[in-house]
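Each chain is listed here by its residues.
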Amino acid sequence: MPATSFTKLAVASIAALVLSTASADALITNPVRTTIARDIKTPDPVPQSGIDEAVELMASGRMYRYNVKDAASSTVSKCEVEIAEYTGHKYCVALNSCGSAIMLMMKCAGLQPGDEVLSNAFTFGAVPSAIEHAGGKAVYVESDYNHCMDIDDLEKKLVAYPNCKYC
């Protein structure tokens, strides 16, 4: 699809959305925004019981599922089960980092060796590293002033790399 079609499609979609609302001005002048009132850079304090359990675990040296009698009885495995139950998912896999999670997600989504993956050029090093470890080839999209993907460059990359399957 040519880059100009994306722009026309976007304009048509916005126009349809605006025209379908009771008050077109409300959408444009009063966008719905979610705000977080607390400082997200400061984590919640760990309760003393959590500190005690972490110290006990570190003192035992049994911090992995691989150095215990059976993997299911490891603290990591028990934590995965509790998180799966809490979130309502059938499974949960604890990983060491977001980069590992991104790599695993791409592999599970069917990324094949050499597949092209769109990525914001303004990103943390773990993202292109995860793409590489998953077997993909990063295609960088320039950023705008707000450090978001530049839509014009995204359209150019989609035309130049029509086989990109992931973003």
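Residues numbered from 1 in each chain as written. Predicted model: local features only at pLDDT ≥ 70, side-chain atom pairs only at ≥ 80, totals over all residues. Heavy atoms only, no water.

A. Structural detail: the environment of K78. Within the element layout of this structure, K78 appears in helix α4 (residues 75-87). Along the primary structure K78 and R65 are separated by 13 residues, whereas in three dimensions their C-alpha atoms are 9.7 Å apart. In contact with K78, not counting residues within four places along its chain, are A72 and S73. (Helix = DSSP H or I, 4+ residues; strand = E, 2+ residues; numbered from the N terminus. Contact = heavy atoms within 4.5 Å.)

B. Helix α7 (residues 151-160), seen in detail. Buried residues of α7: D153, L154, E155 and K157, and no others. With a side-chain oxygen positioned 3.2 Å from the backbone nitrogen of D152, the residue opening α7 is D150. (Buried < 20%, exposed > 50% of the residue type's maximum accessible area, 1.4 Å probe, protein only. Polar contact = N/O pair within 3.5 Å; in protein donor to acceptor, adjacent residues only side chain to side chain.)

C. Summary view of the pattern of salt bridges. In the structure shown here, the tally under the stated rule is one salt bridge. One salt bridge connects D153 with K157, and the closest N-O pair in it is separated by 3.0 Å. In this pair, D153 and K157 both sit in helix α7, four residues apart, roughly one turn of the helix. Across the pair, K157 and D153 agree in class, each one buried. (Salt bridge = Lys/Arg side-chain N within 4 Å of Asp/Glu carboxyl O.)

D. Layout of the pairing of strand β1 (residues 116-120). Where burial is concerned, most of β1 is hidden: five out of the five residues are buried. Pairing geometry for β1 and strand β2 (residues 137-141), over five bridges, is parallel. From the neighbouring strand, E116 faces β2, where its bridge partner is K137. Regarding the hand of the β-α-β motif, the stretch spanning β1, helix α6 (residues 126-133) and β2 is right-handed. (Pairing = 2+ DSSP bridges. Right-handed = clockwise from strand over helix to strand, strands pointing away.)

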